[in-house]
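Coordinates in review
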Amino acid sequence: MNPARRTNGRYMLGWPRLRLVAVVVVIAAATSTAISYAASARGGQAAAKAAGSTLVFDRSSDLFGFDPVVSGDQTSISTDLQVYDRLVEVSQDGKRIVPGLATSWKVTGGGRTVTFKLRSGVRFSDGSPLTPADVVFSLTRGTDPKTPYGVLFGNAVKKISAVDASHVKITLSKPFSPLLASLSTFIGSIYSEKNFKKWGKLAGQHPVGTGAYMLKSWVKGNQLTLVKNPHYWGPVKPTIDTLIFRDVADANARMLQLQSGAADVIDTVSPNQVTTLKNGGSKIDEVFGPAIQPIYLNEKFKPFTDKNVRVALAYSLDRKAIAQRAYFGLAKPSLSAFPSGTFFYDPSSAVTFNMAKAKQALQKSGYAKGFTFDLIVPPGSSPQGTLAQIWGASLKTLGITLHIVSLEQATAYQKWTSQTYQASTNPNYINDTPDAFEFSTFMFFAQNGFYTGWHNAAGAALAKEAQTTSNTAVRKKDYASIQKLLSAEEPLLYTVDTPVIYASSSKLTGFAPNPSGRYFFENVRKS
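Residues numbered from 1 in each chain as written. Predicted model: local features only at pLDDT ≥ 70, side-chain atom pairs only at ≥ 80, totals over all residues. Heavy atoms only, no water.

Side note on the confidence of the model for the protein chain
Residues of the protein chain with pLDDT of at least 70 account for 90%, and the chain-wide mean is 89. Counting contacts from residues 3–51, a segment whose pLDDT is below 50, to residues more than four positions away or on other chains yields 167 contacts. (pLDDT = per-residue confidence, 0-100. Contact = heavy atoms within 4.5 Å.)

If you want it as structure tokens, here you go:
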């Protein structure tokens, strides 16, 4: 999970993630100088031959690099997902795990061993063959618990080894049912061991993968150019020869570039731009599934230790009004603490707007006469600021006073991680994997319950069972119980499900990014 990761790249009506702000800052400092360089000789030759179509994608920010182990920002992640492949993939609709570089897999040893059969004939973009050694090298790095995203593997990976020329085995220290979902993420990307070792610390600037596209050049802070991988194994071959990603930070500038035809796709579309773009003939893609906008309640602030107070606050949220007014109708009222695209999502225990129930809950609390608290929101005219205004009006009728505190992201994040806040909308939450284990892990086992200070032994036991059992029916039941528990306890308040918003030219067909941020440009055609 990572509410601090996606600070740039997709417009999740926010789209930050959780753990990697520090990592991103370090990488950004290390890569601030604009440089350019060519890819391999093969890449240069392929680019020279490319006389076909070109697609221009204006993004809100540049990527930090091509090393999946430290790719903390969404722009890097989305690019990694296009340049590299994984053993398994998230389907384009985001609902299934499908074969990738592995054509099949077999679970044995009571769930402690998973053996993957590798696809034959796959080559890297430099022409070298994919081998089991490349898979072992890549995944050994990616699953290391010491890395930022090793947590996605639950400290369960004991060993990764080559069985023979076409099989790779992952040995687990304990059954870990979300393994495939975690392998489908960017951290499961497979790259050339030989190339990585050749470049060492600079490997993140010289990617060699098996994906549909490969690096031609990169002027940091300005423009990234990818060209077709001539060795791509996929059943659908790209028809777009060249992908140009430009760093255009200003949202209005991106919109104008699309409207003028200078760009074919833009990301991070603001809700207030959607109608204008639609009226101009642009296609809008709203990708729902991995994200919600929570309100974190710090239990170091006394009123929030009272469950009835938290429940009263939950019932006082007019989610429909928030979705309509704060997000221009482009968000959806949340019906669970889990994002709606999560495997085992269950909206049956949803808490919805009900001021009568809010008053009843507050009367049961030790704060029946109300209290005052601070809510942190981003500065300027933000959706979270409007959310706070709508919520504040409801709370006023309960005798509760909400003070809106505008803080820029880094300061707000620091207050959140140090638990020196009272309530905060920063960061919003986005699943890295489609599996429900991720939210449950961070709720019950890591980072002090999303830095709320909330603990629940029963929920932790359910989460542990759901993470280790291979019985789908048991997992479904456990995660339904967890969602019911979170709706009853309200350690954090779920408000709206937020989409990633892209806009593209009417000349394009097939552009349909999935909730993981994969662009699927191999499927795109340009008239």
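A look at the pattern of salt bridges
For the structure on display, the rule yields twelve salt bridges. Glu89 is the salt-bridge partner of Arg86, the closest N and O atoms lying 3.1 Å from each other. What emerges from the salt-bridge pattern is a single network uniting Glu299, Arg310 and Glu489. (Salt bridge = Lys/Arg side-chain N within 4 Å of Asp/Glu carboxyl O.)

With respect to the nonpolar core
Ranked by internal contacts, the top residues of the largest apolar core, which has 128 residues, are Phe373, Trp391, Phe439 and Phe521. Considering each element in turn, this core owes the most residues, six residues, to helix H9 (residues 307–315). Every residue in contact with Phe439, bar those within four places of it in the chain, is listed here: Ile292, Ala337, Phe338, Tyr429, Asn431, Phe450, Leu486 and Leu492. (Core = buried A, V, L, I, M, F, W, Y, C linked by side-chain atoms within 4.5 Å. Buried < 20%, exposed > 50% of the residue type's maximum accessible area, 1.4 Å probe, protein only. Helix = DSSP H or I, 4+ residues; strand = E, 2+ residues; numbered from the N terminus.)

A short note on helix H10 (residues 319–326)
Given 3.6 residues to a turn, an α-helix orients residues that are three or four positions apart in the same direction. Taken as a whole, H10 has its buried residues at Arg319, Ala321, Ile322, Ala323 and Ala326. Next to the buried residues of H10 lie H9, strand E16 (332–333), helix H12 (383–396) and strand E21 (492–497). After H10 finishes, the residue Phe328 shows a positive phi value of roughly 55 degrees.

Quick word on the sheet that holds strand E22 (residues 500–504)
Either a parallel or an antiparallel arrangement is found when strands of a sheet pair, and the pairing is made through backbone hydrogen bonds. Across the sheet, seven strands lie side by side as E10-E11-E12-E1-E13-E22-E14; this open sheet has mixed pairing. In this open sheet, the two edge strands, each paired with only one partner strand, are strand E10 (213–219) and strand E14 (283–287). Alignment of strand E1 (residues 53–59) against strand E13 (residues 265–266), held across two bridges, turns out to be parallel. Looking across to E13, one finds that Phe57 is bridged to Val265. Here helix H3 (residues 74–83) sits on the sheet in contact with E1, E10 and strand E11 (223–228), set at roughly 15 degrees to E11. (Pairing = 2+ DSSP bridges. Axes fitted to C-alpha atoms, helices over the stretch in contact; angles between N-to-C directions.)

Some remarks on H12
End to end, H12 covers 20 Å across 14 residues, agreeing with the expected 20 Å (1.5 Å per residue, within 8%). The element H12 is largely enclosed, with a buried count of ten among its 14 residues. Residues of H12 that are buried include every one of Pro383, Gln384, Gly385, Leu387, Ala388, Ile390, Trp391, Gly392, Ser394 and Leu395, and no others. (Expected span 1.5 Å × (residues − 1).)

Here we look at the sheet that holds strand E8 (residues 167–172)
Reading across from one edge, E5-E6-E8-E7 is the order of the four strands in this open sheet, with antiparallel pairing throughout. With partners counted over all chains shown, the strands left at the sheet margins are strand E5 (102–108) and strand E7 (157–164), one partner each. Averaged over all adjacent pairs, the angle separating strand axes in this sheet is 20 degrees, with direction ignored. Judged from the five bridges that link them, strand E6 (residues 113–118) and E8 form a sheet pairing that is antiparallel. Counted as the bridge partner of Lys117 is His167 from E8. Seen against the sheet, helix H4 (residues 132–142) touches E6, E7 and E8 and runs at an angle of roughly 175 degrees to E7.

As for the packing of aromatic side chains
Tallied over the full model, the rule gives 36 aromatic pairs. Both rings, one in Tyr367 and one in Phe371, keep their centres 5.8 Å apart while their planes meet at 70 degrees; by these two values the pair is edge-to-face. Judged by relative accessible area, Tyr367 falls into the partly exposed class, the value being 23%. Among the residues examined, Phe371 registers a relative accessible area of 9% and is labelled buried. The lysine or arginine in question, Lys220, covers the ring of Trp218, its NZ or CZ lying 4.8 Å from the ring centre. Against the face of Phe288 rests Lys332, its NZ or CZ located 4.2 Å from the ring centre. (Phe/Tyr/Trp six-rings, centres within 6.5 Å; stacked < 30°, edge-to-face > 60°. Lys NZ or Arg CZ within 6 Å of the ring centre and 35° of its normal.)

Let's talk about the packing of helix H14 (residues 437–444) against helix H17 (residues 472–489)
The geometry of H14 relative to H17 is characterised by a closest axis approach of 11 Å and an angle of 50 degrees between their N-to-C directions. Between H14 and H17, the interaxial angle falls into the category oblique. The chirality of how H14 crosses H17 is left-handed. Where H14 abuts H17, its residues Phe437, Phe439, Ser440, Met443 and Phe444 lie against Arg475, Tyr479, Ile482, Leu485 and Leu486. (Parallel < 35°, antiparallel > 145°, perpendicular 65-115°, else oblique. Left-handed = near helix turned anticlockwise from the far one by under 90°.)

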